[in-house]
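If you want the building blocks of each chain, they are given just below.
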Amino acid sequence: MPRDPLIGIVGKPSSGKSTTLNSLTDASAAVGAFPFTTIDPNKATSYLQVDCACGRKTSKDILQKNGVNVSEVTCKPNYGWCENGKRHIPIMLLDVAGLVPGAHMGRGLGNKFLDDLRHADALIHVVDVSGTTDAEGKNTRGYDPIKDIDWLQDEIRLWIEGNLKKRWGSIVRRHTATKSSIVDTLQQQFGGYGSHAPMIQAALARIDGLPPLEEWDSDWITKVVKSFMLEKFPTVLSLNKIDHPDADKNVSKIILKYPETKTILTSAITEVFLRKLKKQGFIKYEEGTEFVDTYEDDPSLKPLDDKLLNRIENIRDLVLYRFGSTGVMQVLQAAALDTLNLVPIYTVKNINTFSNENKTQYIFRDCFLVKRGTPVGKVARYIMGEVTIAAIETTGGIRVSADDTVDVRKNDILSFKLAPKSI
Ligand SMILES: Nc1nc2c(ncn2[C@@H]2O[C@H](COP(=O)(O)OP(=O)(O)OP(=O)(O)O)[C@@H](O)[C@H]2O)c(=O)[nH]1
């Protein structure tokens, strides 16, 4: 993943994609109660909340050891922000336009949806878990949202399979004539979806008893495509509209049916509402938590009228206290950290003061999201470009080899020493 990670938000019309996107960003995607409010894919910057390296005891110890007064330094990100040790790292989201059954055959916004999708590294599937919208996003009652989960996977699979099967004869002939490996042949076919050889290798490794490609029938092709999808489109389910009374029974059903899938319960509309009141100075609200203070708790806030106060009480009872949060921040964390396996990497010029300039009062200015397990040398090239690196150091001034890999709290604070330019 040499470019910045991109997380796609997918789901049927009216499931709450735009509301989720709005609640995660400051961008204002069109929010509406009608299908196809979202016509164009909408890229926006969101902020992933992580525990920042500045809050670690080891970081503070190292600063002190190097004569830096911890109370005089500030964690000051060049991008995003850091508050009380919680860092908000920019990450791109892609709102993918409405999808209806039959999209792989061009229905609705069909292939356009699928074409947009290929740019995403992971997906957040927003599911209307209240069952109050049907397959096409029209108002109803008692709809089974399990259908949406199966159908979205099927749409993507049928799209990839369709493209593959159309050319299967010539793919097999070429594969045999050029004596290619299965990985090489599939990479040629799946390259357009943004695949790479290790991704295809991982997909094939998951399948038991795979025969030579020449012997694949339709069932084998389906198995291969399904396995490839797990690699290319790892998905988090955002079970949205949990504030609705019909949501509970559907949530249990989904969790039972998909025990392996990462699911997060969300109420995007609540998050949007709380952020709005916060901006207007009516409430104190820390995103991602259950805590909301009003004038009654803190007289420095503007007082709310009875109607809004009542709504806050309902939100506390129906969403925040029951589920611990609106779930929206957690859905992004699940997609980026758990599903996509990204690790925040802090790069500093000075490994002893964690600063970039001579001024040591600002620390941990740069942070990048990189896949867990990436070799440090590759991280260096990704961040610094094609320069010659003389040495790489991590916390404590310890030298790290280019082959060593990054992980959470392992080689995640790095300093690259450039080789002097030869004349
Ligand atoms: N009760 C409830 N309603 C929600 C929630 N999230 C979104 N909605 C409502 O669901 C409707 C559809 O929301 P959108 O965000 O426009 O849905 P979308 O998936 O982007 O729809 P398209 O643009 O048609 O693809 C709107 O009326 C929202 O207010 C939620 O968490 N709870």
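Residues numbered from 1 in each chain as written. Predicted model: local features only at pLDDT ≥ 70, side-chain atom pairs only at ≥ 80, totals over all residues.

**Notes on the overall build of the chain**
Consideration 1: The secondary structure content of the chain amounts to 13 helices and 16 strands.
Consideration 2: Taken against the 2.2 N^0.38 rule, which gives 22 Å for 423 residues, the C-alpha radius of gyration of the chain at 24 Å falls within 12% of a compact globule.
Consideration 3: Counting only C-alpha atoms and orienting by the principal axes, one finds that the chain spans roughly 70 × 70 × 35 Å.
Consideration 4: Relative to its full complement of 423 residues, the chain shows a buried share of 36%.
Consideration 5: The long-range fraction of contacts in the chain, counting pairs at least 24 apart against all pairs at least 6 apart in sequence, stands at 69%. (Helix = DSSP H or I, 4+ residues; strand = E, 2+ residues; numbered from the N terminus. Rg over C-alpha atoms; globule rule 2.2 N^0.38 Å. Buried ≥ 20, exposed ≤ 12 C-beta atoms within 10 Å, placed from the backbone. Contact = placed C-beta atoms within 7 Å.)

**Re the domain arrangement of the chain**
Consideration 1: You can read the domains of the chain as domain 1 (6-52 + 89-148 + 233-337), domain 2 (53-88 + 341-418) and domain 3 (158-230).
Consideration 2: In this assembly, six residues from domain 1 lie in contact with eight residues from domain 3. (Domains from an automatic or database assignment.)

**A short note on the environment of Thr347**
Consideration 1: Tracing the sequence through the fold places Thr347 in strand 11 (residues 342-347).
Consideration 2: Apart from the residues within four sequence positions on either side, Thr347 is in contact with Asp366, Phe368, Ile383, Leu414 and Phe416.

**Some thoughts on the nonpolar core**
Consideration 1: Judged by nonpolar contacts, the single largest core of 84 residues is most densely connected at Ile7, Ala335 and Phe364.
Consideration 2: With seven residues, helix 12 (residues 328-339) is the single largest residue contributor to this core.
Consideration 3: When residues no more than four places from it in sequence are discounted, the contact partners of Ile7 are Ile91, Leu93, Leu94, Ala120, Asp121, Ala122, Ile124, Ala335 and Ala336.
Consideration 4: Formed by five residues, the second largest nonpolar core is a distinct cluster that contains Leu274, Leu277, Phe282 and Tyr285. (Core = buried A, V, L, I, M, F, W, Y, C linked by C-beta atoms within 7 Å.)

**Overview of the confidence of the model for the chain**
Reading fine detail from the predicted coordinates is not recommended where pLDDT is low.
Consideration 1: Here the chain shows a mean pLDDT of 90. Residues at 70 or above account for 91%.
Consideration 2: This model gives residues 27-37 a pLDDT under 50, and the stretch forms 26 contacts once residues within four places in sequence are excluded.
Consideration 3: Model confidence for the complex: the whole-complex pTM is 0.90, and ipTM, which rates the interface, is 0.99. (pLDDT = per-residue confidence, 0-100.)

**What to know about the environment of Leu213**
Consideration 1: Inspection of the secondary structure puts Leu213 in the loop between helix 7 (197-205) and helix 8 (218-232).
Consideration 2: Considered as a pair, Leu213 and Val172 are 41 residues apart in the sequence and their alpha carbons are 7.2 Å apart.
Consideration 3: The residues touching Leu213, leaving out its near neighbours within four places in the chain, are Val172, His175, Ile182 and Thr185.

**Focus on the packing of helix 6 (residues 182-190) against helix 7**
Consideration 1: Contact geometry of helix 6 with helix 7 gives a least axis separation of 9 Å together with a crossing angle of 115°. Crossing hand, helix 6 versus helix 7: right-handed. Side by side, helix 6 and helix 7 meet where Ile182, Val183, Leu186, Gln187 and Phe190 of the first sit next to Ala197, Ile200, Gln201 and Leu204 of the second.
Consideration 2: When its residues are assigned to classes, the contact of helix 6 with helix 7 shows seven nonpolar, two polar and no charged. (Axes fitted to C-alpha atoms, helices over the stretch in contact; angles between N-to-C directions. Left-handed = near helix turned anticlockwise from the far one by under 90°. Nonpolar A, V, L, I, M, F, W, Y, C, P; charged D, E, K, R; others polar.)

**Observations regarding the pairing of strand 14 (residues 389-394)**
Consideration 1: Examined bridge by bridge, strand 14 and strand 16 (residues 413-418) share five bridges and lie antiparallel to one another. Within strand 16, the position partnered with Glu393 by the bridge is Ser415.
Consideration 2: Pairing of strand 14 with strand 15 (residues 398-399), which is carried by two bridges, proceeds in the antiparallel orientation. Bridged to Thr394 within strand 15 is Ile398. (Pairing = 2+ DSSP bridges.)

**Overview of the sheet that holds strand 11**
Within a sheet, adjacent strands bond to each other through the backbone by hydrogen bonds, running parallel or antiparallel.
Consideration 1: An order of 13-11-16-14-15 is seen for the five strands of this open sheet, with the pairing classed as mixed. On the outer flanks of this sheet lie strand 13 (366-371) and strand 15, each paired with one strand and no other.
Consideration 2: Pairing of strand 11 with strand 16 involves two bridges; the strand directions are parallel. Paired with Tyr346 across the two strands is Ile413, which belongs to strand 16.

**Points about the packing of helix 7 against helix 8**
Consideration 1: Axis separation between helix 7 and helix 8 bottoms out at 8 Å; the angle between their running directions is 130°. What the angle tells us is that helix 7 and helix 8 run oblique. Crossing angle aside, the handedness with which helix 7 passes helix 8 is right-handed. On helix 8, the residues touching Met199, Ile200, Ala202 and Ala203 of helix 7 are Ser227, Phe228, Leu230, Glu231 and Lys232.
Consideration 2: Here the contact of helix 7 with helix 8 is built from residues that sort into six nonpolar, one polar and two charged. (Parallel < 35°, antiparallel > 145°, perpendicular 65-115°, else oblique.)

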